[in-house]
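Structural features, examined
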Amino acid sequence: MDNTKPVAVIILNWNGEALLQEFLPKVIATTNEKLADIIVADNGSTDNSVEFIEKEFPNVKLLKFTENHGFAEGYNQAIAQTRYKYTILLNSDAASKEGWIEPIYEYMEAHPQTGACQPKLLSYTTPDEFEYAGASGGFIDKNGYPYCRGRLFSTVEKDNGQYDDICSIFWATGAALAVRSDLYLKVGGLDKLFFAHMEEIDLCWRILLAGYDIKVIPQSIVYHLGGGSLPASNPRKTYLNFRNNLLLLHKNLPDSTRSRKLFVRRLYDTIAWAKFVATLDFKNANAILKAHNDFRQMRKQYNNHPNVDLLDSRNDTHRNIILDYYLRGKKYWEN
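Residues numbered from 1 in each chain as written. Predicted model: local features only at pLDDT ≥ 70, side-chain atom pairs only at ≥ 80, totals over all residues. Heavy atoms only, no water.

Across its full length, the chain holds eleven helices and 13 strands. Rg of the C-alpha trace for the chain: 19 Å, near the compact-globule value of 20 Å for 335 residues, within the 12% margin. In terms of its C-alpha atoms, the chain occupies a principal-axis envelope of roughly 55 × 40 × 40 Å. Within the span of the chain, comprising 335 residues, buried residues form 56% of the whole. Restricting the contact set of the chain to residue pairs at least 6 apart, pairs at least 24 apart contribute 77%. As displayed, the chain offers around 14800 Å² of accessible surface, 52% of which is attributable to carbon and sulfur atoms. (Helix = DSSP H or I, 4+ residues; strand = E, 2+ residues; numbered from the N terminus. Rg over C-alpha atoms; globule rule 2.2 N^0.38 Å. Buried < 20%, exposed > 50% of the residue type's maximum accessible area, 1.4 Å probe, protein only. Contact = heavy atoms within 4.5 Å. Areas by Shrake-Rupley, 256 points an atom, 1.4 Å probe, with all protein chains shown as cover.)

So this is what it looks like as C-alpha cells:
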C-alpha cells in the first residue's frame, strides 16, 4: 500500500455498515488529505460494508481480511501491512473535528520521544461533555485502577476547557490512539488475549517501559459515541474488566512488587464481589470469580517481566482512586 503520506487513519470494521454510513463521511470531511490516508480494515464482514465503501467512497483505501481477527489482532495486521510513519487507530463510532490531524502530527514530529498520544475525547451525543473511554487523557493509580482527566468511574465532567493543556499521561484511549507505527510493532502491538477492555492501557504501559512518553493533545478533538458494545452492568464486561486488570498488572509489574500489588488488588476485588452479593447481583459476583479463576490460568503465558515498577516510579500514579472517590468524595480529576 502506498504510504507516501505520513499518517494513516485506520478504522477497523466488522459488519458496521450503519456506523460507516454515519461516521465515515464526517471523518473524511475533517481530515487533511495532504497529511493522512483514511483506511478501512475490514475484519471479514458479512454485511455490505465493503460494497458500501467501494461504491460511496472510492478514495478510501481498503484492507480486506478474510476472517474476523478481533480488535487487537485486526489492528496488528493492518499496521504491519501499511507501515505509515504514524497510525491513528480510530473507532468506527467516532467523528473528528475539523483540523484534528494537524496538532497530533505536528506535536509528534517536534517531539520524537512521544511514542503515542490521543486527542481530547468528547461525547458524540452530548458534545459538551467528556467521553467515558478517554476524556482528556488516561491515568492509573497505585493499585492499577485506570481513570481519566475528566472522568472518574461513573462521574463524567463537562468540558469547560479546564483540561486543554498538553500533558503527559499514562495511557491514551483506544478510541483514537495515535502511535509511531514502528514503535507499535516493536513493543508487540495490542495483546489479542485481552479480547476487549484495557488492551490499550497494556500497550501504552509497554511504550512507557520502552522509554517513550505518552501525551494528550486537547487541541485535537474527536467525538466518540461509545457504550455500544457492552453496558456497564453487563456481567461479560465485569468479567473482562476484572480479568484484564489482573493480567495488566501481572504482565507489566516486576518480580519485586508484583505479588504484593496483586494481593492488594485481590482484596479490593473481594470487596467488589461482596457488594454484588449484598445487592443480590449474583451474575456480576460470579463474573468476578470467573475472572480470577481464568487469570490464574492465563498468567502462565506471560513469563517476561520488566525490571521497573512504573506504579512506584511515576508521580502520576500515587493516588488511591478508590479511597479518593468513595471515602473522600473526590469525584473529579486532580493533579
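For the rest of this paragraph, the subject is the packing of aromatic side chains. Evaluation of the coordinates by the stated rule reveals 13 aromatic pairs. Ring geometry for Y163 and W333: centres 5.8 Å apart, planes at 85°, overall edge-to-face. Taken together, the residues Y163 in the loop between β10 (155-156) and β11 (167-168) and W333 in the segment after α11 (321-326) connect sequence positions 170 residues apart. When sorted by exposure, Y163 lands in the same class as W333, which is buried. (Phe/Tyr/Trp six-rings, centres within 6.5 Å; stacked < 30°, edge-to-face > 60°.)

On to the environment of K186. One can find K186 in helix α5 (residues 181-186). The spatial distance from the C-alpha of K186 to the C-alpha of A291 is 29 Å, given a sequence separation of 105 residues.

What follows is about the pairing of strand β2 (residues 36-43). Each regular strand shows side chains that alternate between the opposite faces of the sheet. Burial analysis of β2 places eight of its eight residues in the buried class, the great majority of the element. What you see with β2 is no split at all: A36, I38, V40 and D42 on one side and D37, I39, A41 and N43 on the other are buried throughout. Taken together, strand β1 (residues 7-13), helix α1 (residues 17-30) and β2 constitute a β-α-β crossover, and its handedness is right-handed. Pairing geometry for β2 and strand β3 (residues 61-65), over five bridges, is parallel. The residue bridging D42 from the neighbouring strand is K64, located in β3. (Right-handed = clockwise from strand over helix to strand, strands pointing away. Pairing = 2+ DSSP bridges.)

Under the counting rule described, the total for this entry stands at 21 salt bridges. Salt-bridge contacts for R83 lead to D182; the nearest nitrogen and oxygen are separated by 3.3 Å. Pair noted here: R83 is in the loop between α3 (70-82) and β4 (86-90) and D182 is in helix α5, with a separation of 99 residues, a long-range link. Taking the relative accessible area as the measure of exposure, R83 reaches 43% and is therefore partly exposed. In this structure, the salt-bridge partner of K120 is D159, at a minimum N-O distance of 2.9 Å. Pair noted here: K120 is in strand β6 (residues 114-123) and D159 is in the loop between β10 and β11, with a separation of 39 residues, a long-range link. Neither residue differs from the other here; K120 and D159 are each classed as buried. Through salt bridges with shared partners, a single network forms among D191, D202, R206 and K251. (Salt bridge = Lys/Arg side-chain N within 4 Å of Asp/Glu carboxyl O.)

Nothing here speaks to function; it is geometry throughout.
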